[in-house]
Amino acid sequence: MKKVAVLVGSLRRESINRKFAEALGKLAAGRLEFQFVELGDVPMYNEDLWADGGPAPVLRMKREIEAADAVLFVTPEYNRSFPPVIKNAIDWGTRPYGQNSFAAKPGGLIGTTPGSTGTAAGQNHLKSVLNVVDVVLMGQPEVYFQYKPELFGADGSVTDEGTAKFLNGFLDRFTKWIERTSEPRTSAQADAA
Ligand SMILES: Cc1cc2nc3c(=O)[nH]c(=O)nc-3n(C[C@H](O)[C@H](O)[C@H](O)COP(=O)(O)O)c2cc1C
């Protein structure tokens, strides 16, 4: 089963994006294995911090992304863009120069807000950055998800039938996208996986 490094762009305890990502992970069970990458301990990007080899949380984050078959960004929208938590992770992930952890990695993008625009503007900003950093980004289906608590059960899973069907469509396509766009892995990588 393909492993997906999941980067959630909100650090707050009650994050709807975190809840949404966890619900997606439950729906994806049996097709994809979601591995949440901790971003809360990653410092703000500072080139000087590479002097001693780089901060441990950054090295851990980079290893987790590199070991995964794909990345999934689950992003809130902040002021019609995506939040600094995500940009910071991308900036560290693409350095040191020549050691881009995202290079040629199949990727997906999704997000939720309580408002009806469902992160459309934020996702569009993020798309342009992901293309630059060489993520092989799935373009369709786009999911701009308006978060409504009544769509989810007490255990956090999606209980609304129409919503589950819609999100399963995204996950099916993402699973196929990963299969289709994965570069052949070396035997050393396969052994480590
Ligand atoms: C700094 C800031 C800017 C925001 N800007 C937007 C915005 O442009 N569009 C939007 O739909 N919601 C916006 N919101 C509201 C967020 O969608 C809402 O707080 C959401 O719950 C954040 O996601 P989270 O629950 O995963 O942290 C903003 C929130 C913050 C804190």
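Computed from a predicted structure; not experimentally measured.

## Quick look at the overall build of the protein chain
Then step 1. Each helix and strand in the protein chain was counted, giving six helices and six strands.
Then step 2. In terms of overall size, the protein chain behaves like a compact globule, its C-alpha atoms giving a radius of gyration of 16 Å where 193 residues would be expected to give roughly 16 Å.
Then step 3. For the protein chain, the spread of C-alpha atoms along the principal axes amounts to about 50 × 40 × 30 Å.
Then step 4. Residues counted as buried form 49% of the 193 residues belonging to the protein chain.
Then step 5. Relative to all contacts within the protein chain whose residues are 6 or more apart in sequence, the contacts with residues 24 or more apart total 77%.
Then step 6. A total of about 9700 Å² of accessible surface is found on the protein chain, and carbon and sulfur atoms cover 51% of it.
Then step 7. Measuring between centres, the 22 positive side-chain charges of the protein chain sit 3 Å from its 23 negative side-chain charges.

## Thoughts on the pairing of strand 2 (residues 32-36)
Then step 1. Looking at chain direction, strand 1 (residues 2-8) and strand 2 are connected through five bridges and run parallel. Within the sheet, the bridge partner assigned to Val4 lies in strand 2 and is Phe34.

## Structural notes on the pairing of strand 4 (residues 106-113)
Then step 1. Of all the eight residues making up strand 4, eight are buried; the element is thus mostly covered by neighbouring parts of the structure.
Then step 2. Along strand 4, one buried face is formed by Pro106, Gly108, Ile110 and Thr112 and the opposite face, lined by Gly107, Leu109, Gly111 and Thr113, is buried too.
Then step 3. Here strand 3 (residues 70-74) runs beside strand 4; their pairing, made up of four bridges, is parallel. For Val71, the partnering residue across the bridge sits in strand 4 and is Gly107.
Then step 4. The β-α-β motif built from strand 3, the intervening helix 3 (residues 84-93) and the parallel element strand 4 has right-handed crossover chirality.
Then step 5. Of the strand pairs in this sheet, strand 4 and strand 5 (residues 136-137) are connected by two bridges, and their pairing is parallel. Its bridge partner being in strand 5, Gly107 is matched across the sheet by Leu137.
Then step 6. By the bridge criterion, three bridges tie strand 4 to strand 6 (residues 144-146) in an arrangement that is parallel. The partner of Gly111 across the bridge, within strand 6, is Tyr144.

## So, helix 1 (residues 16-28)
Then step 1. With 13 residues, helix 1 extends 18 Å from end C-alpha to end C-alpha; this agrees with the ideal 18 Å at 1.5 Å per step.
Then step 2. Of all the residues in helix 1, the buried ones are Ile16, Asn17, Phe20, Ala21, Ala23, Leu24, Gly25, Leu27 and Ala28.
Then step 3. Lining the buried residues of helix 1 we find strand 1, strand 2, strand 3, strand 4, strand 6 and helix 5 (161-181).
Then step 4. For helix 1, the N-terminal cap is Ser15; the gap from its side-chain oxygen to the backbone nitrogen of Asn17 is 3.1 Å.

## Observations regarding the site of the ligand
Then step 1. Neighbouring residues of the ligand: Ser10, Arg12, Ser15, Ile16, Asn17, Pro76, Glu77, Tyr78, Asn79, Arg80, Thr113 and Pro114.
Then step 2. Ile16 has a polar backbone atom sitting 2.9 Å from an oxygen atom of the ligand.
Then step 3. Surface burial for the ligand is 70%, taken as the share of its 620 Å² of free accessible area covered by protein chains.

About the thresholds
- Residues numbered from 1 in each chain as written.
- Predicted model: local features only at pLDDT ≥ 70, side-chain atom pairs only at ≥ 80, totals over all residues.
- Heavy atoms only, no water.
- Helix = DSSP H or I, 4+ residues; strand = E, 2+ residues; numbered from the N terminus.
- Rg over C-alpha atoms; globule rule 2.2 N^0.38 Å.
- Buried < 20%, exposed > 50% of the residue type's maximum accessible area, 1.4 Å probe, protein only.
- Contact = heavy atoms within 4.5 Å.
- Areas by Shrake-Rupley, 256 points an atom, 1.4 Å probe, with all protein chains shown as cover.
- Lys, Arg positive; Asp, Glu negative; His and termini not counted.
- Charge placed at Lys NZ, Arg CZ, Asp CG, Glu CD.
- Pairing = 2+ DSSP bridges.
- Right-handed = clockwise from strand over helix to strand, strands pointing away.
- Expected span 1.5 Å × (residues − 1).
- Polar contact = N/O pair within 3.5 Å; in protein donor to acceptor, adjacent residues only side chain to side chain.
- Near = heavy atom within 4 Å.

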